[in-house]
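# Observations on chain architecture
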Amino acid sequence: MPKSSFESLGDYIALPRVESLSLSPDGTRVVLSVATLSKDGTKYERALWSVPSDGAEGARRLTRSAKGESSPVFTASGDVLFTSARPDADADDDETGQLWLLPATGGEARPLTRLAGGVSGISASAEGVDRVVLGADLLPSADTLEDDARLRAARKKSKISAILHEGYPVRYWDADLGPDEPHLLALDTGDLVDQVGAERASDAGGESNVSGAASVDGSDTSYDSEPARTGTDEASEPYPASLPRPRDLTPHPGRGGAEGVAITPDGTAVIASLPVADGYDRHHRLVAIDIESGRHSVLLDERRVDLEAPSLSHNGLVVAYVRTARATPQGPTQQELWVAGVARTETADGAEVRLIDPRRVATDWDRWPSSLQFDVDDRSLIVTADQDGRGPVFRIPLDDGSVQQLTDDDFTYTDVHLDRTTGDLVALRSSWMAAPHPVRIARDGSVTLLAVPGGAPEVPGHMEEVETTAADGTRVRGWLLLTATARAGAPAPLLLWIHGGPLNSWNAWSWRWNPQLAVARGYAVLLPNPALSTGYGLDFIARGWNAWGEAPFTDLMSITDAVVARDDIDETRTAAMGGSFGGYMANWVAGHTDRFRAIVTHASLWALDQFIPTTDDSAYWASIFTPEGLEANSPHRHVENIVTPMLVVHGDHDYRVPIGEGLRLWSELNARFAAPDGALQHRFLYFPDENHWVLKPQHAVVWYETVFAFLAQHVLGDDWKRPANLG
């Protein structure tokens, strides 16, 4: 039997990873972004691949460059847009990512932008015209693209990194915000394509000067770039006339970014979810932006209500969006689906847009939408949402008809795209048994597998659904992953793995948090969805609201009890682990039971009174706890009860759960539990340059090596073996 890629961490991190998907306008081909490990094993390099959308074989690589390509999006003409930091031979050496275009008619990729701060992503593409809205960061004092380049050059020359904050927040996950601000820019791509075609006709067979490009038909071709220009002051030059000039749709937007962007089919306007400051908090409102004039029309704005994820019908007459009132300590709120008519009036100052008769749809559907778009006939919405440990695709009629579940399997679907020619869907899907892979979903819900560049990895374990009934009568369920060798007489040690969030669900493959790696080492892994998990309705979330240490903890213990009662599980050899909120729960478990032989706590919340004012989004966390709930549910209050060996893991660039949480936990463990000889049963794995997740491939290997060594010592009874790369 061949060795599984999950038995070797080196083999595992080298597996190709499908990250995103886009569908061509004619519905015939899918472009995938695929990440592969670099030669030195310290990063992932991304390239675009084309696969037929009907399930036929024939995956073809479209791009190849040292910097890689990602975020593929099709234009209305079938050209492929992507972002890349690959060199532009007409510009000085620059490491910023820019927008590139790979023509549908063939030829080399061409740059579409030369923005001093780079492109942060493609927000939306119009269906009927070659127009795209992209994200880009500009400095607050810049009124033009040239201003932005000049100001950045001055800061760079003076080696200034200081940031003056005039609002909140100042950080996000692992990034310092500022000094620039996130703008939306509109860009017309048709002119460049026409220019490329003219150049090709007049210079057929001429050598390209774009380094690392590839033809759209899939043949990999590379050319040497021209030497970079020297002796020029690009910061003082006008924006290149050879490139389409972006139009700034959101001058001086402040720090917050858009939470969804939709372009009208004719490409004349944008409906966006934009932030509004409210003290140190903010909410998102719906705004229409006329692209020609730049005029903003506020469509809907409700204080302490977020209006997000706008999606326009194919005829442009209806907009759908998600409405969510802000939660309070008294309970969570529903994420509601709404639709409204769109009316447009031409004025001397540009088009004015307003909404007509907003109304809620699917009022009895107790799920939170994760994506939405209009079906082919504009009479229904295609929506994804967590449900019962899975992530199906739903069809929701706008006439208040019954919600129809289109997929009925153990998978979670993402990156869903509609084929306008057939009404079918293409998407990525995954589960704990299958890495993300592209599929086609027919109108009747039947699924066809599409080609996967590099093939799909074979997993070492199998998956079973498990459940129990909590003390209050609530059904609590999860997934149990088992090795084939686990059986009565040879029971497997159990690893309870608690998800983060807390508003989350164990329902889709994760390359970073992958239980199959533990299964390959002989463990059974329990992935439960306790109170606060999504996909079980608002009441299930409310069971743990303002009381994280109550129902979530008892749910975890109840389902663990049910699983260890099996004859293929060894209840004498168990461990618990989790990250983020899962780390919070690991800390809470450590202070409330000694049933586990080891506990791993990653990026964990320890002292809630310290966490809330230091995290990157204090306003949210402060709004969901009462002072009494905050005090009663802080794990640090129970440090004296901890007797289980703990492995504490934290990255210094984690701004969601700041390093102070890990440092305080480690300090308080040391203060109370040092043996007379100075030895400590606990360990602290610290990453000075990692974030909330620990993403660098070499560090992910160290993470798993350390975790498995710690578990082997305390759960399996092996001698402690320090990972070699830790010195």
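Definitions and limits used
- Residues numbered from 1 in each chain as written.
- Predicted model: local features only at pLDDT ≥ 70, side-chain atom pairs only at ≥ 80, totals over all residues.
- Heavy atoms only, no water.
- Helix = DSSP H or I, 4+ residues; strand = E, 2+ residues; numbered from the N terminus.
- Rg over C-alpha atoms; globule rule 2.2 N^0.38 Å.
- Buried < 20%, exposed > 50% of the residue type's maximum accessible area, 1.4 Å probe, protein only.
- Contact = heavy atoms within 4.5 Å.
- Areas by Shrake-Rupley, 256 points an atom, 1.4 Å probe, with all protein chains shown as cover.
- Phe/Tyr/Trp six-rings, centres within 6.5 Å; stacked < 30°, edge-to-face > 60°.
- Lys NZ or Arg CZ within 6 Å of the ring centre and 35° of its normal.
- Expected span 1.5 Å × (residues − 1).
- Pairing = 2+ DSSP bridges.

This brings us to the overall build of the protein chain. The helix and strand tally for the protein chain stands at twelve helices and 38 strands. Relative to the 2.2 N^0.38 estimate, which gives 27 Å for 727 residues, the radius of gyration of the protein chain is 26 Å and therefore close to what a compact globule would have. If one aligns the C-alpha atoms of the protein chain with their principal axes, the spans along those axes are about 80 × 55 × 55 Å. Considering the protein chain as a whole, with its 727 residues, one finds that 57% of them fall into the buried category. Looking at the protein chain alone, contacts between residues at least 24 apart form 59% of all its contacts between residues at least 6 apart. Summing over all exposed atoms, the protein chain offers an accessible surface of approximately 29,500 Å²; the carbon and sulfur share of this is 48%.

Here the focus is the packing of aromatic side chains. Evaluated as defined, the whole model comprises 25 aromatic pairs. Each ring, one from Phe82 and one from Trp100, has its centre 6.5 Å from the other, and the planes form 10°; the classification is stacked. Of this pair, Phe82 sits in strand E6 (residues 80–84) while Trp100 is found in strand E7 (residues 98–102), placing the two residues 18 residues apart along the sequence. Both residues of the pair, Phe82 and Trp100, count as buried. Between Trp548 and Phe625, the ring centres sit 5.1 Å apart and the planes meet at 65°, which makes this aromatic pair edge-to-face. With Trp548 in the loop between helix H5 (538–542) and helix H6 (551–564) and Phe625 in the loop between helix H9 (618–623) and helix H10 (627–632), the pair connects residues that are 77 residues apart, well separated along the chain. Classification of Phe625 by relative accessible area gives buried; the value is 8%. Each member of the aromatic cluster is reached from another via a ring pair, and the members are Trp548, Phe581, Tyr584, Trp588, Phe611, Tyr620, Trp621 and Phe625. Arg171 extends its terminal NZ or CZ atom over the ring of Tyr655, reaching a point 3.8 Å from the ring centre. The side chain of Arg656 reaches across the aromatic face of Trp173, ending 3.7 Å from its centre.

A word on H6. A rise of 1.5 Å per residue sets the reference length of H6, with its 14 residues, at 20 Å; its end C-alpha atoms lie 20 Å apart and thus fit the reference within 8%. Buried residues dominate H6, accounting for eleven of its 14 residues. Within the sequence span of H6, burial applies to Ala551, Pro552, Phe553, Asp555, Leu556, Met557, Ser558, Ile559, Thr560, Val563 and Val564.

The buried fraction of strand E19 (residues 305–312) amounts to six of the eight residues, a majority that puts the element mostly inside the structure. Examined bridge by bridge, E19 and strand E20 (residues 318–325) share six bridges and lie antiparallel to one another. Bridge pairing in E20 places Val305 opposite Ala325. Adjacent in sequence and paired antiparallel, E19 and E20 are bridged by five residues, among which Gly316 carries a positive phi angle near 75°.

Interpretation in functional terms is not warranted from these geometric data alone.
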